[in-house]
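# Descriptive analysis of the structure
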Amino acid sequence: QVQLVESGGGLVQAGGSLRLSCAASGSIFRINAMGWYRQGPGKQRELVAVISSGGGTNYVDPVKGRFTISRDNAENTVYLQMNSLKPEDTAVYYCYAHYYASDLRPYDYWGQGTQVTVSS
């Protein structure tokens, strides 16, 4: 079993910042990609940012230049620094991991989500 424990969500005014954290634990042999998805009210879940084990990153266009994803491989933790937040960033943010378990098979897993609300 794998657990992804997210923290750092909350309520912030437009223009403010938040930092999300997600720690992975459990029967993990190796984590490849980690990232963040979000699902806003009435919207489909979308990939926000992803980071490979080597540090390569990709972002969805609306957050480029405002969000920064990083990870600590030793701690199996991924972070999302969100600056210049906008009301349209309001969503539940889900941590994501693509990993190999102890059986050496690949799996995808999402956390329970953390709410981010940006007021105008």
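Shown above is the structure to which this text applies.
The shown structure was predicted, so the numbers you read here are calculated from the model rather than taken from an experiment.

Another point: the pairing of strand 7 (residues 67–72). It is a general feature of regular strands that their side chains alternate between the two faces of the sheet. Of the two faces of strand 7, only the one carrying Phe67, Ile69 and Arg71 is buried; Thr68, Ser70 and Asp72 on the other face are not. The sheet contact formed by strand 7 and strand 8 (residues 77–82) spans 6 bridges and is antiparallel. When the sheet's bridge partners are listed, Ile69 is paired in strand 8 with Leu80.

What follows deals with the environment of Leu85. Note that Leu85 resides in the loop between strand 8 and strand 9 (91–101). A relative accessible area of 2% places Leu85 in the buried class. Along the backbone, Leu85 and Val12 are 73 residues apart, and their C-alpha atoms lie at a distance of 8.1 Å. Not counting chain neighbours up to four residues away, the residues in contact with Leu85 comprise Val12, Ala14, Gly15, Gly16, Ser17, Leu18, Arg66, Phe67 and Val118.

A few words now on the sheet that holds strand 8. Ordered in space as 1-3-8-7, the 4 strands form an open sheet in which the pairing is antiparallel. Each edge of the sheet is formed by a strand with only one pairing partner; in this case those strands are strand 1 (2–7) and strand 7. Neighbouring strand axes in the sheet, compared pairwise and without regard to direction, differ in orientation by 15° on average. Relative to strand 3 (residues 18–26), strand 1 runs antiparallel, the two being bridged by 6 bridges. Looking at the pairing, Leu4 lines up with Ala24 of strand 3.

Let us now look at the pattern of salt bridges. For the structure on display, the rule yields 4 salt bridges. Arg38 is the salt-bridge partner of Glu46, the closest N and O atoms lying 2.7 Å from each other. Owing to a relative accessible area of 30%, Glu46 belongs among the partly exposed residues under this scheme. Residue class for Arg38 comes out buried when judged on its relative accessible area of 6%. Residues Asp89 and Arg38 are paired through a salt bridge, measuring 3.0 Å at the closest nitrogen-oxygen approach. Here Asp89 is found in the loop between strand 8 and strand 9, whereas its partner Arg38 is found in strand 4 (residues 28–39), with 51 residues between them in sequence.

What follows deals with the state of the cysteines. Counted under the stated rule, the structure contains 1 disulfide. Residue Cys22 pairs covalently with Cys95 via a disulfide, S to S 2.0 Å. Between Cys22 and Cys95 the sulfur-sulfur dihedral comes to about -85°; the bridge is accordingly left-handed. Within this pair, whereas Cys22 is found in strand 3, its partner Cys95 is found in strand 9, the two being separated by 73 residues in sequence.

The residue Asn76 is not glycine, and still its phi comes out positive at about 50°. A positive phi angle, near 65°, is found at Leu104, a position not held by glycine. Note that Leu104 resides in the loop between strand 9 and strand 10 (106–110). Here Leu104 falls in the exposed class, since its relative accessible area comes to 54%.

About the cut-offs
- Along every chain, residues carry numbers that run from 1 in the direction the sequence is written.
- Two thresholds apply to this predicted model, a pLDDT of at least 70 for residue-level local features and 80 or more for giving and counting side-chain atom pairs, whereas whole-chain, interface and lining totals are computed over all residues.
- With hydrogens and water stripped out, all remaining heavy atoms of the structure feed into the side-chain values.
- Whether a residue is buried, partly exposed or exposed follows from its accessible area with a 1.4 Å probe, protein chains only, as a fraction of its type maximum: under 20%, in between, or over 50%, in that order.
- Only DSSP runs of H or I reaching four residues or more are called helices, and only runs of E reaching two or more are called strands; each is numbered from the N terminus.
- What makes two strands pair is DSSP finding at least two bridges between them.
- We call two residues contacting when some pair of their heavy atoms lies within 4.5 Å.
- Only the stretch in contact is used when a helix axis is fitted, and all axes are lines through C-alpha atoms; the angle between N-to-C directions ranges over 0 to 180 degrees.
- Within this document, salt bridges are pairs made up of a side-chain nitrogen of Lys or Arg and a carboxyl oxygen of Asp or Glu, the two lying within 4 Å of each other.
- The disulfide criterion used throughout: a pair of cysteine sulfur atoms within 2.5 Å.

Function-wise, these values are silent; they only describe arrangement.
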